[in-house]
Amino acid sequence: MTTQITSARPAAGPRKGPRRRPAAPSATTVGRPGFAWALPAAVFFALFAIVPLIMVAVLSFMTWDGLSSPQFVGMDNWSRLADDPVMLKSIWLTLLLTVLGVVIQTPLSIVLGVWAAGHQRNRAVLSVIYFIPLLLSATAVSVLWRALLDPNFGIPAEATWLFGDGNLFGEQATAIGVLAFVSTWQFTPFHTLIYQGAARAVPRVLYQAAEIDGAGRYRQFFHITLPQLRNAMITSMILMVVGGLTTFETVLILTQGGPGTDTTISAYYMYDKAFKGFDYGTGSAIALALVVASTIISLIVVRVSGYDKMRSSMEGVS
């Protein structure tokens, strides 16, 4: 008698495998607003930036006094500017003030920004006081310093031992110095804010490692802080360059291009040609040249510095 032994098999059923997690939603489809959200800003930018720029470009090839009908003159406006000694001088003065702004404001902004990012006593109070010029318009600042530096009843009149006759606007050197000083006083707080934010974003672990290696504050500043502020420095310098090329109110109120044409920068010369001389064609040509120059210089700075590639991978890491 033969006995058969059969192994019991589990009943057939659905095979259970590892549970799958639901697919994560794509970052390109979730949380990104549609074009309709950007439409109001795009329309505003087109009406108040693109359209006026196109009109200025067209007007630069015409002659117009603001009353009669514009007439096409081709490259006459541009050829006159190329031979205009005042225009050539204004370009040199514009570049000089721009370079002075970058050279003076950059180190001041870095030092003050790094200091304001710390935890010193009364730091918040002093920062608020220092940032007051940032709250004022360029016109208000220019009117303020015009009154303070007035040779008749201002500070120079009371301190003749320092300012001599007190007329700081009577010579080119002192007038340019006043323009550079007022611009520095007003705009350094803005760039200080940029460096303050960048300094606070530097990883604390870098400083801790440097302290373990025996590096002091100065070595930490030059070997850790400054390299980490590289992208912020490029951004600040681009804003300084564009602001220097397009500054206008300070010259209009403080010097009005004088003495003579010794402080007539390109932006003020555009105003003088268009709104004083009623030569809107030439003024438009100067304005278009400033736009093109600012754009080209900004692109060169971005390209040469490598800012477009964001090579600093540690900036902003916490």
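In the nomenclature of an unreviewed UniProt entry, the chain is known as Sugar ABC transporter permease of Streptomyces edwardsiae. Its UniProt record gives the chain the following Subcellular location (unreviewed entry) comment, quoted word for word: "Cell membrane". For the chain, the Sequence similarities (unreviewed entry) comment in UniProt is given as "Belongs to the binding-protein-dependent transport system permease family."

J.: Even after reading the chapter, I still don't get the confidence of the model for the chain, so can you show me in this structure?
T.: Residues shown with low pLDDT carry predicted positions that ought not to be read at fine detail. The predicted model of the chain has a mean per-residue pLDDT of 85, with 86% of residues at 70 or higher. Every residue in residues 311-318 scores below 50 in pLDDT, and together they form 15 contacts with partners more than four places removed in sequence or on other chains.

J.: Even after reading the chapter, I still don't get the pattern of salt bridges, so can you show me in this structure?
T.: Once the charged atoms of two side chains with opposite charge are near each other, the side chains can pair. Per the counting criterion, the structure on display carries three salt bridges. Of the charged contacts in the structure, one is a salt bridge between D279 and R80, with a shortest N-O distance of 3.8 Å. Here R80 lies in helix α2 (residues 76-82) and D279 lies in the loop between α14 (266-276) and α15 (280-305), a separation of 199 residues in the sequence. Assessed through its relative accessible area of 19%, D279 is described here as buried. Classification of R80 by relative accessible area gives partly exposed; the value is 44%. Across the pair K89 and D262 runs a salt bridge whose closest N-O atoms are separated by 2.8 Å. Residue K89 is found in helix α3 (residues 85-116), and its partner D262 is found in the loop between α13 (249-254) and α14; the two are separated by 173 residues along the sequence. For K89, a relative accessible area of 28% translates into the label partly exposed.

J.: I would appreciate a short explanation of the nonpolar core in the present structure.
T.: One broad rule of soluble globular proteins: the nonpolar side chains tend to lie buried together. Core analysis: the biggest nonpolar cluster contains 23 residues, and W145, L149, V178, V182, L254, I265 and I286 have the highest contact counts within it. For this core, the elements supplying multiple residues, two or more each, are α3, α6 (138-148), α9 (172-200), α13, α14 and α15. Tallying contributions element by element places α9 first for this core, with four residues. In this view, L254 contacts S142, W145, R146, F169, V178, L179 and V182; residues no more than four positions away in its chain are not counted. I110, A117, A198 and F221 belong to the second-largest nonpolar core, a separate cluster that totals eight residues.

What counts and how
- Residues numbered from 1 in each chain as written.
- Predicted model: local features only at pLDDT ≥ 70, side-chain atom pairs only at ≥ 80, totals over all residues.
- Heavy atoms only, no water.
- UniProt positions renumbered as here; feature names shortened; annotations may be inferred.
- pLDDT = per-residue confidence, 0-100.
- Contact = heavy atoms within 4.5 Å.
- Salt bridge = Lys/Arg side-chain N within 4 Å of Asp/Glu carboxyl O.
- Helix = DSSP H or I, 4+ residues; strand = E, 2+ residues; numbered from the N terminus.
- Buried < 20%, exposed > 50% of the residue type's maximum accessible area, 1.4 Å probe, protein only.
- Core = buried A, V, L, I, M, F, W, Y, C linked by side-chain atoms within 4.5 Å.

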